[in-house]
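Fold and geometry: a report
Next come the chains, spelled out residue by residue.
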Amino acid sequence: MHELSLCEHLLDLLQDEARRHEFSRVTRIRLAVGQFACVDPDALRFAFDVIRRDTLAAGAAVEIDRPPGRVWCDDCAREVEVPTRLAPCPSCGGLRLSPRGGGDLTLVELEVA
Ligand SMILES: [Zn+2]
């Protein structure tokens, strides 16, 4: 399961941060899952709930943002935001688009105790 390995990676990241900044507990985590990411936020939440038992993130509130995907439009020669990977350019309707971001899971904010 893809979401489970992402969560393991996230937990590793939190443990690294905890060592570096000397905190022992995470109280809030804000994640961003791009619209282009092959990640189901519900599955992600579920996997994280399983994996974080008895860890520093056990009691943390988890928020998941879904930022729009960003693509480069060849016709407009600029970056635009689209709701889905297959949507046309919102300003010219063109389809000559290449992804520029929004495909990742990122840690946006961390509150610790
Ligand atoms: Zn365009």
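Procedures and definitions
The numbering scheme is per chain: residues are counted from 1 as the chain's sequence reads. Residue-level local features of this predicted model are given only where pLDDT is at least 70; pairs of side-chain atoms are given and counted only at 80 or more, and the full residue set underlies all totals for whole chains, interfaces and linings. Where side-chain values are given, they derive from all heavy atoms of the structure, hydrogens and water being excluded. Should a side-chain nitrogen of Lys or Arg be within 4 Å of a carboxyl oxygen of Asp or Glu, the pair is scored as a salt bridge. In this description a helix means any DSSP run of H or I spanning at least four residues, a strand means any run of E spanning at least two, and both kinds are numbered starting from the N terminus. Relative accessibility thresholds used throughout: buried, under 20% of the residue-type maximum; exposed, over 50%; partly exposed, between the two (1.4 Å probe, protein chains only). By definition, two strands form a pair when at least two bridges between them are found by DSSP. UniProt positions are given in the numbering used here, feature names are shortened, and annotations may be inferred rather than shown by experiment. We call two residues in contact whenever any of their non-hydrogen atoms come within 4.5 Å of each other. The donor definition counts N, O and S atoms within 2.8 Å of each metal and applies 3.2 Å to Na, K and Ca; water is not among these atoms, so some sites may look incomplete. Square planar and octahedral assignments, for four and six donors respectively, both demand that opposite donors be over 155 degrees apart and that all other angles lie between 65 and 115; tetrahedral needs four donors with all angles between 85 and 135 degrees, and anything else is irregular.

Moving on, we get to the pattern of salt bridges. For the structure shown, the criterion picks out 11 salt bridges. Notably, a salt bridge pairs arginine 20 with glutamate 17, separated by 3.3 Å at the nearest N-O pair. With arginine 20 and glutamate 17 both in helix 1 (residues 2–21) and three residues apart, this pair spans about one turn of that helix. Among the residues examined, arginine 20 registers a relative accessible area of 57% and is labelled exposed. In this structure, glutamate 81 engages arginine 70 in a salt bridge whose closest nitrogen and oxygen atoms are separated by 2.8 Å. Of this pair, glutamate 81 sits in strand 4 (residues 78–82) while arginine 70 sits in strand 3 (residues 69–73), placing them 11 residues apart in sequence. On the basis of relative accessibility, which here comes to 42%, the residue glutamate 81 falls in the partly exposed class.

Before going further, it helps to spend a moment on the pairing of strand 2 (residues 61–65). Of the two faces of strand 2, the one lined by Val62 and Ile64 is fully buried and the one lined by Ala61, Glu63 and Asp65 carries no buried residue. Examined bridge by bridge, strand 1 (residues 26–33) and strand 2 share five bridges and lie parallel to one another. Among the inter-strand pairings, isoleucine 29 is bridged to a residue of strand 2, identified as valine 62.

Positive phi outside glycine occurs at glutamate 22, with the angle close to 55 degrees. Tracing the sequence through the fold places glutamate 22 in the loop between helix 1 and strand 1. Even without being glycine, alanine 77 reaches a positive phi, approximately 55 degrees. With respect to the secondary-structure elements, alanine 77 resides in the loop between strand 3 and strand 4. Given the relative accessible area of 48%, alanine 77 is considered partly exposed.

A few words now on the UniProt feature "binding site: Ni(2+)" (unreviewed entry) in the protein. When the UniProt feature table is mapped to this numbering, "binding site: Ni(2+)" (unreviewed entry) covers His2. On the secondary structure map, histidine 2 appears in helix 1. Leaving out residues up to four positions away in the same chain, histidine 2 has contacts with Cys38 and Val39.

We now examine the coordination of the zinc ion. Those donors, Cys73 (SG), Cys76 (SG), Cys89 (SG) and Cys92 (SG), are the protein atoms that reach the zinc ion, and they lie 2.2 to 2.4 Å from it. Taken together, the four donor atoms surrounding the zinc ion define angles of 106 to 114 degrees at the centre, an arrangement classified as tetrahedral. The motif formed by the donor residues of the zinc ion, counted along the single chain, is C-x2-C-x12-C-x2-C.

So, about the UniProt feature "binding site: Zn(2+)" (unreviewed entry) in the protein. The UniProt record annotates "binding site: Zn(2+)" (unreviewed entry) at Cys73, Cys76, Cys89 and Cys92. Taken along the chain, the residues just named run across 20 residues; in space they keep tight, none of their C-alpha pairs more than 8.9 Å apart. With respect to the helices and strands, cysteine 76 occurs in the loop between strand 3 and strand 4. Beyond its immediate stretch of four places on either side in the chain, cysteine 76 contacts Cys89, Ser91 and Cys92. Classification of cysteine 92 as partly exposed rests on a relative accessible area of 41%.

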